[in-house]
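# Summary of the model geometry
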Protein chains: 2
Amino acid sequence: MSSSFPVPNLANPFSYETYLFDADGVLWRANETVPGAVTFVKELLEMGKRVYIVTNNSTNTTEEYVKKVTKLGFETLHEANIISPNVVMVDYLRRHPHYTEKGRVYAIASGGVVDTLHKELGVECIGGGPDHVPLNSTFLNSVDVSKEVSAVVVGYDPHFSYNKIMKAANYLLNPSCGFFITNEDATFPGSRKDIVVPGTGSITASIRAVALPRQPIVFGKPGEKLQNYLRESLDLKPEQTIMLGDRLDTDISFGNRLGVATCWMRTGVHKEDDVKRAIEAKDTDLIPTYTFSFEEFYAN
Amino acid sequence: MSSSFPVPNLANPFSYETYLFDADGVLWRANETVPGAVTFVKELLEMGKRVYIVTNNSTNTTEEYVKKVTKLGFETLHEANIISPNVVMVDYLRRHPHYTEKGRVYAIASGGVVDTLHKELGVECIGGGPDHVPLNSTFLNSVDVSKEVSAVVVGYDPHFSYNKIMKAANYLLNPSCGFFITNEDATFPGSRKDIVVPGTGSITASIRAVALPRQPIVFGKPGEKLQNYLRESLDLKPEQTIMLGDRLDTDISFGNRLGVATCWMRTGVHKEDDVKRAIEAKDTDLIPTYTFSFEEFYAN
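Residues numbered from 1 in each chain as written. Chains lettered and ligands numbered in written order. Predicted model: local features only at pLDDT ≥ 70, side-chain atom pairs only at ≥ 80, totals over all residues. Heavy atoms only, no water.

## A closer look at the overall build of chain A
Formally: Here a helix means four or more residues in a row that DSSP labels H or I, a strand means two or more in a row labelled E, and each is numbered from the N terminus. All radius of gyration figures rest on C-alpha atoms, and the globule criterion is 2.2 Å times the number of residues raised to 0.38. Each residue is placed in one exposure class: buried if its accessible area under a 1.4 Å probe, protein chains only, is under 20% of its type's maximum, exposed if it is over 50%, and partly exposed if it falls in between. The contact criterion used is simple: two residues touch if any of their non-hydrogen atoms lie within 4.5 Å. Surface accessibility follows the Shrake-Rupley procedure with a 1.4 Å probe radius. Residue values consider only the protein chains on display as shielding. Only four residue types enter the charge count, namely Lys and Arg as positive and Asp and Glu as negative; His and the chain termini do not. Here the site of a charge means atom NZ of a Lys, CZ of an Arg, CG of an Asp or CD of a Glu.
Scanning chain A from terminus to terminus reveals ten helices and 15 strands. Taken over the C-alpha trace, chain A has a radius of gyration of 20 Å; the compact-globule value for 300 residues is 19 Å, and the two agree within 12%. Seen through its C-alpha atoms, chain A measures out along the principal axes to roughly 65 × 35 × 35 Å. Taking all 300 residues of chain A together, 55% fall into the buried category. Partitioning the contacts of chain A with sequence separation of at least 6, the portion at a separation of at least 24 is 73%. As displayed, chain A has an accessible area near 12500 Å², and 49% of this comes from carbon and sulfur atoms. Within chain A, one finds 30 positive and 37 negative side-chain charges whose respective centroids are separated by 2 Å.

## Quick notes on the pairing of strand β4 (residues 50–54) of chain A
Residue and element names in this part refer to chain A. This is how it is decided: Think of it this way: DSSP has to see at least two bridges between two strands before they count as a pair.
In terms of burial, β4 is a largely internal element, four of the five residues being buried. Where strand β1 (residues 18–21) and β4 come together, four bridges link them in parallel fashion. Bridge pairing links tyrosine 19 to valine 51 in β4. Judged from the two bridges that link them, β4 and strand β5 (residues 82–83) form a sheet pairing that is parallel.

## What to know about the UniProt feature "active site" (unreviewed entry) in chain A
All names here are of chain A. Rules: UniProt positions are given in the numbering used here, feature names are shortened, and annotations may be inferred rather than shown by experiment. By the criterion applied in these results, polar contacts are pairs of N or O atoms within 3.5 Å in which, for protein atoms, one can donate a hydrogen and the other can accept it, and in which residues neighboring in sequence qualify only through two side-chain atoms.
As annotated by UniProt and renumbered to match this structure, "active site" (unreviewed entry) occupies Asp22 and Asp24. Within the element layout of this structure, aspartate 22 appears in the loop between β1 and β2 (28–29). Those residues in contact with aspartate 22, other than ones at most four positions away along the chain, are Leu27, Val54, Thr55, Lys221, Met243, Leu244, Gly245, Asp246 and Asp251. In terms of polar contacts, aspartate 22 uses its side chain to reach the side chain of lysine 221, at 2.8 Å. The residue aspartate 24 is located in the loop between β1 and β2 in this model.

## Points about the relation of the copies chain B and chain A
Both copies of the chain are related through a single rotation about an axis accompanied by a shift along the same axis. The line we're drawing: In superposing the copies, a least-squares fit is computed on C-alpha atoms, taking residues whose pLDDT is at least 70 in both.
With an RMSD of 0.0 Å, the operation that places chain B on chain A is a rotation of 180 degrees combined with a shift of 0.0 Å along the axis. Both copies of the chain, as the preceding transformation shows, are related through a two-fold rotation axis. If distances are taken from each C-alpha of chain B to the rotation axis, the shortest is found for Ser161(B), at 2.1 Å. Here 100% of the interface residues in chain B have copies in chain A that are interface residues too; the copies meet face to matching face.

## Focus: the domain arrangement of chain A
Residues and elements named next belong to chain A. Quick reminder of the rule: Per the annotation, domain bounds derive from an automatic or database assignment of domains. Once two parts are brought into contact, the accessible area they lose, counted with a 1.4 Å probe and summed over both, makes up the buried area. Within this document, salt bridges are pairs made up of a side-chain nitrogen of Lys or Arg and a carboxyl oxygen of Asp or Glu, the two lying within 4 Å of each other. Residue type decides the class: Asp, Glu, Lys and Arg count as charged, Ala, Val, Leu, Ile, Met, Phe, Trp, Tyr, Cys and Pro as nonpolar, and the leftover types, Gly among them, as polar.
Once the domains are mapped, chain A shows domain 1 (18–56 + 222–299) and domain 2 (87–218). Centre-to-centre separation of domain 1 and domain 2, based on C-alpha positions: 28 Å. On the side of domain 2, 14 residues touch domain 1, which itself brings eleven residues to the contact. Across the interface of domain 1 and domain 2, roughly 1200 Å² is buried in total on both sides, 62% from carbon and sulfur atoms. Three residues, Arg29, Lys225 and Tyr229, lead the burial of domain 1 against domain 2; their summed loss comes to 43% of the area buried on that side. Where domain 1 touches domain 2, the interface holds zero salt bridges. Taken together, the residues of the side of domain 1 that touches domain 2 break down into four nonpolar, three polar and four charged.

## Some words on the interface of chain B and chain A
Between chain B and chain A, the contact holds 38 residues from the first and 38 residues from the second. Between chain B and chain A, the buried area comes to about 3000 Å², and carbon and sulfur atoms account for 66% of it. In this structure, the connection of chain B to chain A is made through zero salt bridges. Looking at the side of chain B that touches chain A, the element that brings in the most residues is helix α6 (residues 200–211) of chain B, giving seven residues. Of the residues contributing to the side of chain B that touches chain A, the split by class is 25 nonpolar, ten polar and three charged.

## As for unusual backbone geometry
Negative phi is the rule for most residues except glycine; trans is the rule for most peptide bonds. In the segment running from Lys221(A) into Pro222(A), the intervening peptide bond is cis, with an omega of 0 degrees. Tracing the sequence through the fold places Pro222(A) in the loop between β12 (217–218) and α7 (224–234). The linkage connecting Leu212(B) with the following residue, Pro213(B), adopts the cis geometry, with an omega of 5 degrees. The topology assignment puts Pro213(B) in the loop between α6 and β12 (217–218). Positive phi values are uncommon outside glycine, yet Asp235(A) reaches one of about 50 degrees. The residue Asp235(A) is located in the loop between α7 and β13 (241–245) in this model. For Asp235(A), a relative accessible area of 56% gives the class exposed. Positioned with a positive phi, Lys282(B) is a non-glycine residue whose angle comes to about 55 degrees.

## A look at the sheet that holds strand β9 (residues 178–181) of chain B
All names here are of chain B. What counts is decided by this rule: Here, axes are lines fitted to C-alpha atoms. For helices the fit covers the stretch in contact, and angles between N-to-C directions go from 0 to 180 degrees.
Taken in spatial order, the five strands of this open sheet run β7-β6-β8-β9-β12, and their pairing is parallel. The outermost strands of the open sheet, each flanked by one partner alone, are β7 (124–126) and β12. α6 rests against β6 (104–108), β8 (151–154), β9 and β12 of the sheet, and its axis sits at about 155 degrees to β9.

## A look at the packing of helix α3 (residues 85–95) of chain B against helix α4 (residues 111–121) of chain B
Residues and elements named next belong to chain B. Threshold: Should the near helix be turned counterclockwise from the far one by less than a right angle, the crossing is left-handed, whereas a clockwise turn marks it as right-handed.
Put simply, α3 and α4 touch, their axes get as near as 10 Å, and they point 40 degrees apart. In the packing of α3 onto α4, the handedness of the crossing is right-handed. Together, Asn86, Met89, Val90, Leu93 and Arg94 of α3 and Gly112, Val113, Thr116, Leu117, Glu120 and Leu121 of α4 make up the contact between the two elements. When grouped by side-chain class, the residues that make up the contact of α3 with α4 number six nonpolar, three polar and two charged.

Structural data, given as structure tokens:
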């Protein structure tokens, strides 16, 4: 680590009671674990610490997520250790049953959202998969939104298209139709460092623009719904909790808003320059308390 | 008109020298002229007034636009009377030739942009038409941006898709690649009043989100590039000019920033309530100087 880096190293990495980890870019990158991450998490759990993966990734159910995590070597993590936008959304919808009363939502999303809503709440997601504008069609006047839905749910969808923007916009004309977003990460770290992979944030930006002045409820970091969920369901003690993440605008901002210590990990999307820029701009929301590296820790 | 409406009627509609009209929602709606519009424009031209359609619609070339306008009954308007984002973009690119030096741009756009860039500047647009993520593909690691482009151009594209977001994001990693947007209207008035049709703004919001911190150059209303173009190429006298439009966030804001009189027409996207909200919020950028109705004027 450059000595001129203005954020102090996390000197006592085992001094907290509760550890909130972002996943991609912190514990792993695509299908490779970050060096030292498996050992660190294992040691925390052996010490009786509470460990949670707080991820914005909603493309898996928590069950699938545990399988993925286990395969990567994190064999000590179970479903209860995984907190995703899907988990927070299900909790919210259970407490607001009118958003599921029609038994159907319009989902610009993929597997994890669709399967979770179906398994946990018996809700059918329509809208999945390819839905393109036919060549030379008069689609502008024939959008079909006759099938009633209780909500529009927007997440990561590689089959996102203009037609889906139009359907969402027209469903959202009905003020009683819910408007829910899993997360707003603009990009995510793919397996190739030279390729930018657009995240859910690039999809939700479209739907937000066309649905104005309606405002969605966001279930991922750094939103309030997830903060409240953690405070209530985990009975967090802020002074004994730390959030470790690679993204300033989601992870670090989230931890700061939650009132816990924050630790920026250098293995993901944001770089040292981003941290320095946040410090220069005095954007306290984005400035981490500490930085830390599993690899350097175990090398010493 | 309700007497409680807080914006005065345009009492002397023929007192200006230069008239800037928005088109859709003001002179016509989809394929029907607004009552009185044809007569009003004809009278202005007979009086020797200068009349320009200042449109954010870039889906036609100016040649095609004149054909459309003529068919609707505005037979007195010619190519020189049409100012679209395409016109401003071509002017800009002529003065900044490095953005076309590769002879190729990546265009998330349709006919008007593609044909204009080809005809006026000899530039090839790649990226048009359907480009979808194949089912069950490993596309995330195989995006092909090997064909070099000088710029990314974003406009209205009914074949907009996730794959296109990804390609734009990766081209824009190159800081010398231009980033151009035709306009940012979130919706446009379709022929069916009960259907919301997403506009270019819902597409550009996606590309903006994924390209941060890069900022695009916007050629449509209410942007500075179009303001400068009008000031310079039309030698505008602000006190003798009026902008007539239906949208507060594009037309009225544009006229206000240009320093001319503004006139809100009630035949388009925004409604009386939107004007009242702008006045209550004291959002001076959005408040029109006058309101006017061709139909009421000729009925008197």
